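# Structural overview for review
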Amino acid sequence: MKFIKFTYLFLLWGFFCLLGTGCTINDDDLKDTPSQGGGNSEARKLLKNVTYFGTPMLKLEYDTDSRVTKIEDAVAELTIDISYEPVCKILIKEYDNNGLEEVLEFSGIGFNEDGSISGANTHETAYEPNGHIFYEEMGSIRFGYDDNHHLTLINVYNEDGTLDNSSQLVWEDNLLTKTVTDDQTTIYNYDNDALQNVHGQWVAWWFNSLTLTGLIGDAPAYLVSEVRELDENGKLDLITQFRYKFDADSYISTMQYIMDSDFDDMMVFSFNYETVRSDDPTITFHAPMKENRPSFMNLFKRKH
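Residues numbered from 1 in each chain as written. Predicted model: local features only at pLDDT ≥ 70, side-chain atom pairs only at ≥ 80, totals over all residues. Heavy atoms only, no water.

### Notes on the overall build of the protein chain
A tally of regular secondary structure across the protein chain gives 0 helices and 16 strands. Expressed as a percentage of its 304 residues, the buried residues of the protein chain come to 51%. Contacts in the protein chain between residues at least 24 apart in sequence constitute 54% of all its contacts with a sequence separation of at least 6. Summing over all exposed atoms, the protein chain offers an accessible surface of approximately 13900 Å²; the carbon and sulfur share of this is 44%. (Helix = DSSP H or I, 4+ residues; strand = E, 2+ residues; numbered from the N terminus. Buried < 20%, exposed > 50% of the residue type's maximum accessible area, 1.4 Å probe, protein only. Contact = heavy atoms within 4.5 Å. Areas by Shrake-Rupley, 256 points an atom, 1.4 Å probe, with all protein chains shown as cover.)

The following block contains the structure:
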């Protein structure tokens, strides 16, 4: 049987090291800290794209109810399609390094009272370049949450109902502090003067992309400033640091992705939004890079 192992929840990519050291953005109108009260309280914004030096890294589409219906990540060769009527279905497609098109469908999706997904049936298929099916598997997935609507548990089951793998997310005072998988522990740190996450934005390079649709739990109350991973010797290795700037309405406008403690290697991403009605939900998404990272769908798949 073909099983894919859930490895890392935090995603690190060697791609960054190939792009040079730093860039500049005209940020005279940006703020180093979010405004108390969120600036213009009537403003609600949907993320339309994320750019690097003006080049879109990903694009998002929404329905008339401001729900995410499509995510396109050109770098990751990843698409997520979500339909809501007559029943909700999620279709995730990505290409692996061997040229296989991997397709993961969530159907029979159950929801909690707060709108978060409680579980789904899964249909996993991999296609060869000639269109032939390389493997096909059925199963299910279940999500657990705490009383503050934070995702705490992901259980992936085989077709016969046996548990294949389980992953835990640890929260303290509404902050994501640790993710634990079979072979990786990731630690999330926050500055002493950590920045408030005014609009509850999930940000790329924290966690898996599907969380950022708003369907599987709320984001941390403050913005992550540093990520470390526990190595085989029990040492916490620094993976990356983050620095943020905000627009007048306290939405993240730019984010520095810093790859070393000397701030020599970094990328700066710009977030572009569309303002919608004040009663529309705030939906944000920032997708990960492809290079040298585990598959996006490893989060939801079974082992080899």
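Read on for the rest.
### Some points on the pattern of salt bridges
Per the counting criterion, the structure on display carries 8 salt bridges. Notably, a salt bridge pairs D247 with K45, separated by 2.8 Å at the nearest N-O pair. Placement of D247 in the loop between β14 (236-246) and β15 (252-258) and of K45 in strand β1 (residues 44-52) is noted, with a sequence separation of 202 residues between them. Accessibility assignment for this pair places D247 and K45 in one class, buried. In this structure, E105 and K89 form a salt bridge, with 3.9 Å as the shortest nitrogen-oxygen distance. A residue pair is termed long-range when its members are at least 10 positions apart, and E105 in strand β6 (residues 101-111) and K89 in strand β5 (residues 89-95) qualify at 16 residues. Members of the salt-bridge network, linked through shared partners, are K45, D247 and D249. (Salt bridge = Lys/Arg side-chain N within 4 Å of Asp/Glu carboxyl O.)

### Section: the packing of aromatic side chains
Evaluation of the coordinates by the stated rule reveals 7 aromatic pairs. Taking 4.8 Å as the distance between ring centres and 70° as the angle between the ring planes, the aromatic pair formed by Y52 and F53 counts as edge-to-face. Judged by centre distance (6.2 Å) and plane angle (75°), the ring pair of F134 and Y135 falls under edge-to-face. F134 gets classed as partly exposed once you look at its relative accessible area, which sits at 43%. Note on Y135: relative accessible area 6%, which makes it buried. An aromatic cluster is present here, built from Y52, F53 and F269 joined pairwise through their rings. The ring of Y84 carries R67 above its face, with NZ or CZ at 4.1 Å from the centroid. (Phe/Tyr/Trp six-rings, centres within 6.5 Å; stacked < 30°, edge-to-face > 60°. Lys NZ or Arg CZ within 6 Å of the ring centre and 35° of its normal.)

### Considerations on the side chain of D247
Look at D247 and you get buried, because its relative accessible area is 14%. At 2.8 Å, the side chain of D247 forms a polar contact with the side chain of K45. A distance of 2.9 Å separates a polar side-chain atom of D247 from the backbone nitrogen of D249. (Polar contact = N/O pair within 3.5 Å; in protein donor to acceptor, adjacent residues only side chain to side chain.)

### Details of unusual backbone geometry
Cis geometry marks the peptide bond from E85 to P86; its omega dihedral reads 0°. Tracing the backbone through its elements, the reader meets P86 in the loop between β4 (78-83) and β5. A positive phi angle, near 70°, is found at H149, a position not held by glycine. By secondary structure assignment, the location of H149 is in the loop between β8 (133-145) and β9 (151-158). Judged by relative accessible area, which is 37%, H149 ranks as partly exposed.

### Focus: the pairing of β15
In terms of residue burial, β15 counts as a mostly covered element, since 6 of its 7 residues are buried. In the sheet, β14 pairs with β15 via 6 bridges, with the strands oriented antiparallel. The residue bridging F246 from the neighbouring strand is I252, located in β15. Here β14 hands over to β15 after 5 residues, with S250 in that stretch at a positive phi of 70°. Pairing geometry for β15 and strand β16 (residues 266-276), over 5 bridges, is antiparallel. Its bridge partner lying in β16, Y257 is registered against M267. (Pairing = 2+ DSSP bridges.)

### Describing the environment of D63
One can find D63 in the loop between β2 (55-62) and β3 (68-73). Separated by 20 residues in sequence, D63 and S83 place their C-alpha atoms 9.5 Å apart. Those residues within four positions of D63 in sequence are excluded, and the remaining contacts are T69 and Y84.

### A word on the nonpolar core
In terms of nonpolar packing, the biggest core is built from 56 residues, with I90, F106, F143, Y244, I252, F269 and F271 touching the most fellow members. Tallying contributions element by element places β16 first for this core, with 5 residues. (Core = buried A, V, L, I, M, F, W, Y, C linked by side-chain atoms within 4.5 Å.)

Keep in mind that these numbers describe shape and distance, not what the molecule does.
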